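Okay, here's what each chain looks like letter by letter:
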Amino acid sequence: MHMSDALISPLVGGSMIILTSAATNYSINKIKYEYDDKKIPLMGVMGAFVFAAQMINFTIPGTGSSGHLGGGLLLSIFLGPYAGFITMATILLIQALLFADGGLLAYGCNVLNLGFYSAFIAYPFIYKKIISKGYSKKNIFTASILSAIVSLQLGAFSVVLQTVLSGKTELPFTTFLLLMQPIHLAIGIVEGIITAFVVSYVYKVQPEILEDKEKEHNEKLNYKKILVSFILITALTGGILSWYASSYPDGLEWSILKTTGSEELEAKGAFHQYFGKLQEKVSIMPDYNFKNAKENSDGKIGTSTSGILGSSATLGVILLIGYAIKRFKKTNNV
Amino acid sequence: MSKLNYSLRQIRFLDECSEGKSLIHRINPIVKILVTLIYIICVVSLEGYEVNRLIPFFLYPVIIISLSDIPIAPLLKRTVISLPFILGIGFLNLLIERNLHGLLIFLSLLIKSILTVLSSLLLIATTGMDNIAKGLLALKVPKIFVLQLMMTYKYILIFTEELITSVNAYELRSSEGGISLKFAGNILGRFFLRVYDRAKNIYNSMILRGFNGEFNIGKKISFANKDIIFLILWIIYFVLIMFFDVVKFFELILGVVT
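Residues numbered from 1 in each chain as written. Chains lettered and ligands numbered in written order. Predicted model: local features only at pLDDT ≥ 70, side-chain atom pairs only at ≥ 80, totals over all residues. Heavy atoms only, no water.

- The name that an unreviewed UniProt entry assigns to chain B is Cobalt ABC transporter, inner membrane subunit CbiQ, with the source organism given as Caloramator australicus RC3.
- UniProt, in its Subcellular location (unreviewed entry) section for chain B, records the words "Membrane". (UniProt positions renumbered as here; feature names shortened; annotations may be inferred.)

- Recorded in UniProt under Subcellular location (unreviewed entry), the annotation for chain A is "Cell membrane".

### Some thoughts on the interface of chain B and chain A
Part 1 of the reasoning: With 103 residues of chain B in contact, the opposing surface of chain A contributes 100 residues.
Part 2 of the reasoning: With both chains or domains summed, chain B and chain A bury close to 9,200 Å², and 77% of this area falls on carbon and sulfur atoms.
Part 3 of the reasoning: Contact with chain A buries area across many residues of chain B, yet B:I144, B:L181 and B:F192 alone supply 8% of it, more than any other trio.
Part 4 of the reasoning: The interface formed by chain B and chain A holds four salt bridges in total.
Part 5 of the reasoning: When the shortest N-O distance is used, the salt bridge between B:D69 and A:K326 registers 3.6 Å.
Part 6 of the reasoning: Among the elements that line the side of chain B that touches chain A, the one with the most residues is helix α11 (residues 184-208) of chain B, at 17 residues.
Part 7 of the reasoning: Across the side of chain B that touches chain A, the residue classes tally to 67 nonpolar, 24 polar and 12 charged. (Contact = heavy atoms within 4.5 Å. Buried area = accessible area lost by both parts, 1.4 Å probe. Salt bridge = Lys/Arg side-chain N within 4 Å of Asp/Glu carboxyl O. Helix = DSSP H or I, 4+ residues; strand = E, 2+ residues; numbered from the N terminus. Nonpolar A, V, L, I, M, F, W, Y, C, P; charged D, E, K, R; others polar.)

### Re α11(B)
Part 1 of the reasoning: An ideal rise of 1.5 Å per residue puts 36 Å on 25 residues; α11(B) measures up with 36 Å between its terminal C-alpha atoms.
Part 2 of the reasoning: In the stretch just after α11(B), B:G210 is the one whose phi turns positive, near 90°. (Expected span 1.5 Å × (residues − 1).)

### Focus: helix α12 (residues 225-243) of chain B
Residue and element names in this part refer to chain B.
Part 1 of the reasoning: Taking 1.5 Å of rise per residue, 19 residues should cover 27 Å, and α12 covers 27 Å from first to last C-alpha, within 8% of that figure.
Part 2 of the reasoning: Those residues of α12 not exposed but buried are D227, F230, L231, W234, Y237, F238, I241 and M242. One face of α12 carries all of its buried residues, which in axial projection span an arc of 135°. Every exposed residue of α12 that faces more than 90 degrees away from the buried side is listed here: N225, L233 and F243. (Buried < 20%, exposed > 50% of the residue type's maximum accessible area, 1.4 Å probe, protein only. Arc of directions from axis to C-beta.)

### Observations regarding the packing of helix α9 (residues 129-138) of chain B against helix α10 (residues 143-173) of chain B
Residue and element names in this part refer to chain B.
Part 1 of the reasoning: Viewed as axis vectors pointing N to C, α9 and α10 meet at an angle of 170°, and their least axial separation amounts to 10 Å. The orientation of α9 relative to α10 falls into the category roughly antiparallel. Contacts between α9 and α10 involve M129, D130, A133, L136 and L137 on the former and, on the latter, K143, V146, L149, M150, Y153 and K154. (Axes fitted to C-alpha atoms, helices over the stretch in contact; angles between N-to-C directions. Parallel < 35°, antiparallel > 145°, perpendicular 65-115°, else oblique.)

### Section: the UniProt feature "transmembrane region" (unreviewed entry) in chain B
Residue and element names in this part refer to chain B.
Part 1 of the reasoning: UniProt tags residues 30-48, 54-72, 79-96, 102-125, 137-159 and 228-250 as "transmembrane region" (unreviewed entry).
Part 2 of the reasoning: From the first C-alpha to the last, residues 79-96 spans 26 Å; its make-up is 89% helix and 0% strand.
Part 3 of the reasoning: Strand forms 0% of residues 137-159 and helix 83%; the C-alpha atoms that close the span are 26 Å apart.

### Some details on the UniProt feature "transmembrane region" (unreviewed entry) in chain A
Part 1 of the reasoning: Per the UniProt record, "transmembrane region" (unreviewed entry) is found at residues 7-28, 40-60, 72-98, 104-127, 139-165, 185-205, 226-245 and 307-325 of chain A.
Part 2 of the reasoning: Measuring from the first to the last C-alpha atom of residues 40-60 of chain A gives 35 Å, for a span that is 67% helix and 10% strand.

### Re the packing of aromatic side chains
Two measures describe an aromatic ring pair: the distance that separates the ring centres and the angle between the ring planes.
Part 1 of the reasoning: Applying the stated criterion to the full structure yields 30 aromatic pairs over all chains.
Part 2 of the reasoning: Ring centres 5.7 Å apart and planes at 20° place the aromatic pair A:Y123 and A:Y127 in the stacked group. Within this pair, A:Y123 and its partner A:Y127 are both found in helix α5 (residues 107-131), separated by four residues, close to a single helical turn.
Part 3 of the reasoning: For A:Y127, a relative accessible area of 2% gives the class buried.
Part 4 of the reasoning: One aromatic cluster in this structure is built from A:F49, A:F78, B:Y155, B:F159, B:F191, B:F192 and B:Y196. (Phe/Tyr/Trp six-rings, centres within 6.5 Å; stacked < 30°, edge-to-face > 60°.)

### Things to note about the confidence of the model for chain A
Caution is warranted with low-pLDDT regions, since their predicted coordinates should not be read in detail.
Residues and elements named next belong to chain A.
Part 1 of the reasoning: Overall, the prediction assigns chain A a mean pLDDT of 78, with 71% of residues at 70 or greater.
Part 2 of the reasoning: A low-confidence stretch, residues 245-269 (pLDDT under 50), is modelled with 35 contacts involving residues beyond four sequence positions or located in other chains.
Part 3 of the reasoning: Contacts of residues 281-300 to residues separated by more than four positions or lying in other chains number 35 contacts, the stretch itself having pLDDT below 50. (pLDDT = per-residue confidence, 0-100.)

Structure representation (C-alpha cells):
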C-alpha cells in the first residue's frame, strides 16, 4: 500500500511532507519534554524489529493466502504514540531509500497513511479505550483488530484521495475507493490478528512490559491538540480538494455529483480563489498543470504518437552518451 | 523467508556500492539529495499523457550510472520489483479508459516509476546511509529523527539475520509450507522479548561510553566547486527539458535528414 512518486503531483506530495513534518516535530518535542533517554535505543531496535518482522508472511489457514505485520499499531502499543510515530516514520524512510518502497516525494503521503492514523487515531481513540477495561485475551484481540481495521481503512482512503487529487490517472474516485477499501479490510483484520498474537504473547510471558507502558502513557496524550490538528488537516485537504474539484471537470467531480447531487462543492469564496492563485504561482510549469490538461490532451495525443520516432532517437542519444562515458573511463583509466 | 534473504542482499549491495570512490561518490551528499528531489519533482509534475517529455529525463540515471560504476543489473532488478503496484493502477486506468489516452497514462506511469525509483536507488548507492544522515542533519532534520534512523538502519541487518535463523528453524521442523498465522505470537513475540532485552543492554553500553543525548557524526561535510557545478548543471538541464521539447527537436532533425 506504499504510495509511489509516479502517482502523485508535487503539490500533493509537498503538502503531505509539510503536514507530516509538523507531526514529527511535535512528537519529537513531546519526547524531549518527557525526556527518557532509555527510549532512544528502544526506539532504534524496535524500528529494526518491525522492519524485519514485516518481511515474514504468515499463511492464513484454509485460505491459501498470507499476510504480514504493518507495525504502526504495534509500535504505538510498546512505545506510546509519539515515539511510535517517529519510529514508523524512520522505517518508511529506510524503505523508500533502500527498497524504493514508496517514493521520496510520496514520503509524506506514506507517513500519513501508514504511520499517523495508527499512532494518533486508532491507538488513542480505540485501542486504549478498550484496553483501559483491563488486559484479557478478548480485549487485546478486539482492541487490536478494531484499531488495525480503522487505521488501514483511513490509510486506504488517503491513498485514493491522494491519487485522485494528484490527477495523474483518470481513475474515478468511487471506483478506486470501492476497490481499495474491501482489500484493506482483509489486510486490516490480518494485521490486527498478528498484532494481537504478539501483544498477548508478551502479556503472557512478561506482563510488566505492557503494564509499565500503560502507566507511562496515561494522561500524556493531549486529545484536544490531536483533535484540533486533525480538523486542521481535514480543512487543509478540503481546501485543496474543493479548489481542485472546481478547476478540474472530471473524475472527482463526477463522484461529487453522484454523492451530493450538485456539481461543485460550495467553496468558491476568497479562500478558494487564494489557493487557485497560489497554485498558479508555485507551479513549476503553469502551462502544464492539470488545469489545462483536458483541453490540451487531445492535441497532445497527436503529437505523442508521432513522437515515438523522436523519443527513440532521444533515448538512443542518451544511451550513446552513457556508453561514451564508460568507454572514456575505461580507456583513460579514471 | 526469501524476502528476508533478499533484503539482506539488497542492504549489503547498496552498502558496497556506496563505498566507491568515483566522481559521483565524492559529490556532497546535500547536493545529491537536492538534485534527486528536484529531479523527482520535475518528473512527477509532468502530466499523464506527456510521455515524450519524460524521455530526456533518462539522461540523469544514465550519466550517474556510467560515472559512478554502479552495477546496473541489480538496480534494474529492484526497479522491476517495485513496479507491480503502479502497473496495477495503470492497468485499472486502462480498463476504464480504453483509448489512446489511457495507454499514454499507462506508459507515463511506467516510465515515471522507473525514473523515480532509479534516481532514489542511485542516491543511496552513491552516497551511503552515513552520508545521507550527515546531509539530513545539515538540512535541519531533527537530531533525534536522524539518530533513530541510523540506529534502526544498523540493527536491521542484525535482526534480519536472527529472524532468518528463527524462520529456518521453524520451517525445518514444519511439514507444511510457510508459517501459520497462529504461530505469529510465538515467533514474533519471542523475538520481541529478545529485542527488548537487547535495548536495555544497548542503553547500558551507550551510557558507559558517555552517551548524553548528543549524536556525533564525525567529520563535517564541506562544499567544493565541483558540488556547486554539479548542482547548477543539473538544474539547468532539468529546467531546459521542462520547457524545451527535446523529442520534437530530434523529430525535426530526423525529418530533415530523411
